[in-house]
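Spelled out, the chains give:
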Amino acid sequence: MKKGLLFMLSLLIGSYWLTASAQDIHISVAKIWDNGMYCAFPSIIKYKNAYYCSFREGEGHVFDKNGKAEGKVRVLKSKDGKKWTSVLLMNKDKYDLRDPKLSITPDGRMMILMGGSIYVDKKFVDCISQVSFSSDGIHFSDPQPVQMTKAAQREKDWLWRMTWDGDTGYVVGYFQPGNGQTNNIHLLKTTDGVHYDQVCDFNITDFPNEATIRILPDKRMMIMVRRDSGDKMGYWGVSAPPYKNWNWTKMGFQLGGPDFLAIDENHIIAGSRSYYISSHAKTSLYSGNIKGDFQEVCTLPSGGDTSYPGLLVVGNELWVCYYSLHETPRASIYLAKMPLNMFLNKK
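Note that this is a predicted model, so its numbers are computed, not measured.

Engineer: Go over the overall build of the chain with me, naming the residues and quoting the values.
Structural biologist: Scanning the chain from terminus to terminus reveals one helix and 27 strands. A buried classification covers 54% of the 347 residues belonging to the chain. Counting only contacts in the chain whose residues sit at least 6 apart along the sequence, the fraction spanning at least 24 positions is 49%. As displayed, the chain offers around 16000 Å² of accessible surface, 52% of which is attributable to carbon and sulfur atoms.

Engineer: An account of the pairing of strand S16 (residues 195–202) is needed here, citing residue identities and associated values.
Structural biologist: In terms of strand pairing, strand S11 (residues 147–148) meets S16 through two bridges, oriented parallel. Residue Gln-147 lies in a different strand from S16, and its bridge partner there is His-195. Of the strand pairs in this sheet, strand S15 (residues 184–190) and S16 are connected by five bridges, and their pairing is antiparallel. Bridge pairing in S16 links His-186 to Asp-201.

Engineer: A description of the sheet that holds strand S5 (residues 85–90) should follow, citing residues and the corresponding values.
Structural biologist: Read across the sheet, four strands follow the order S2-S3-S4-S5 without closing on themselves; strand pairing throughout is antiparallel. Each end of this open sheet is capped by a strand with a single partner; those strands are strand S2 (38–47) and S5. Along the sheet, successive strands turn relative to each other by an average axial angle of 20 degrees, direction set aside. Judged from the seven bridges that link them, strand S3 (residues 50–58) and strand S4 (residues 72–78) form a sheet pairing that is antiparallel. In the sheet register, Cys-53 faces S4, and the bridge partner there is Leu-76.

Engineer: Tell me what's going on with the nonpolar core, and back it up with residues and numbers.
Structural biologist: The biggest cluster of nonpolar side chains holds 42 residues, and the ones touching the most others in it are Leu-187, Phe-202, Met-221 and Ile-223. At five residues, the largest contribution of residues to this core is made by S2. Grouped together as the second largest cluster of nonpolar side chains are 16 residues, Tyr-52, Met-90, Met-114 and Phe-140 included.

Engineer: So what's going on with the pairing of S2? Residues and values would help.
Structural biologist: With nine of 10 residues buried, S2 is to be regarded as a mostly interior element. Direction of pairing for S2 relative to S3: antiparallel, over a ladder of eight bridges. The residue bridging Ile-45 from the neighbouring strand is Tyr-52, located in S3. The antiparallel hairpin formed by S2 and S3 contains two residues in its connecting segment, where Lys-48 sits at a positive phi of about 50 degrees.

Rules behind the numbers
- Residues numbered from 1 in each chain as written.
- Predicted model: local features only at pLDDT ≥ 70, side-chain atom pairs only at ≥ 80, totals over all residues.
- Heavy atoms only, no water.
- Helix = DSSP H or I, 4+ residues; strand = E, 2+ residues; numbered from the N terminus.
- Buried < 20%, exposed > 50% of the residue type's maximum accessible area, 1.4 Å probe, protein only.
- Contact = heavy atoms within 4.5 Å.
- Areas by Shrake-Rupley, 256 points an atom, 1.4 Å probe, with all protein chains shown as cover.
- Pairing = 2+ DSSP bridges.
- Axes fitted to C-alpha atoms, helices over the stretch in contact; angles between N-to-C directions.
- Core = buried A, V, L, I, M, F, W, Y, C linked by side-chain atoms within 4.5 Å.

In structure tokens form, the structure reads like this:
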């Protein structure tokens, strides 16, 4: 009896300290979009004194009840990060628009870069990335296909997340095997968001795909790459201009929909799907450095099909948009806010 009471007391004390610890770090999480559809793969940005969040919206993760994959892109707007309203629901006939990522072009327009997948009888047959632009955050151009130089063309190429540096934008494209090609990724550049040229190929094994680029003030480029075969560990790459020669490090954990921000080379904040318990994925945040050495800082309320965080620094806070279905039958969009200094003093 006494042992049982001690066991129960230890559980209560443990629960108290876990709760107190969570309260002490002041993480707030709010569901910002739930309309009964499957909403996923978000991105967040500040543009002209307002905040914008984009994501794919459809009946399911890929297919609707009729077996069609024709996901749409929705964009939300907020003045304060609390009240969000829809300003766009975009579609393109016979295309599944996916992973819409927001950026700001050198001429001051908001740009949406998105995958454009084509399915026939539930079979993936092609991917033609699409772009849309807005000068006011309200009116957006119709999605148009990106254009590649001959050196940059790949079969079924998917351009994933744009990062601008001055007048040049950089993005990683990944492509499916076909016609003798092996799956790999390559670095592309653009000056207008529509036309792309090749920078270099990456010889990374085991199905590399989703990748995020960030650039330090000294122009060193960093890339975080998801891999889905072999040991599935993420890859971390660093290069100086002209970004032809790369140093790669295996990160030691698996990635899913990765994003990261670089405060400086010693303070890098990353977000990804966590596969620590493979049957119960979560959305987690990490602190790291330019060497690719990362440690987990916190896990957000999440579960099931989840993650693809978008990160934004707002004053002394980190904002994280992500999707999850831990509360609803279909995935919803969440926004977490937390102190930035949670990530700045990790060893």
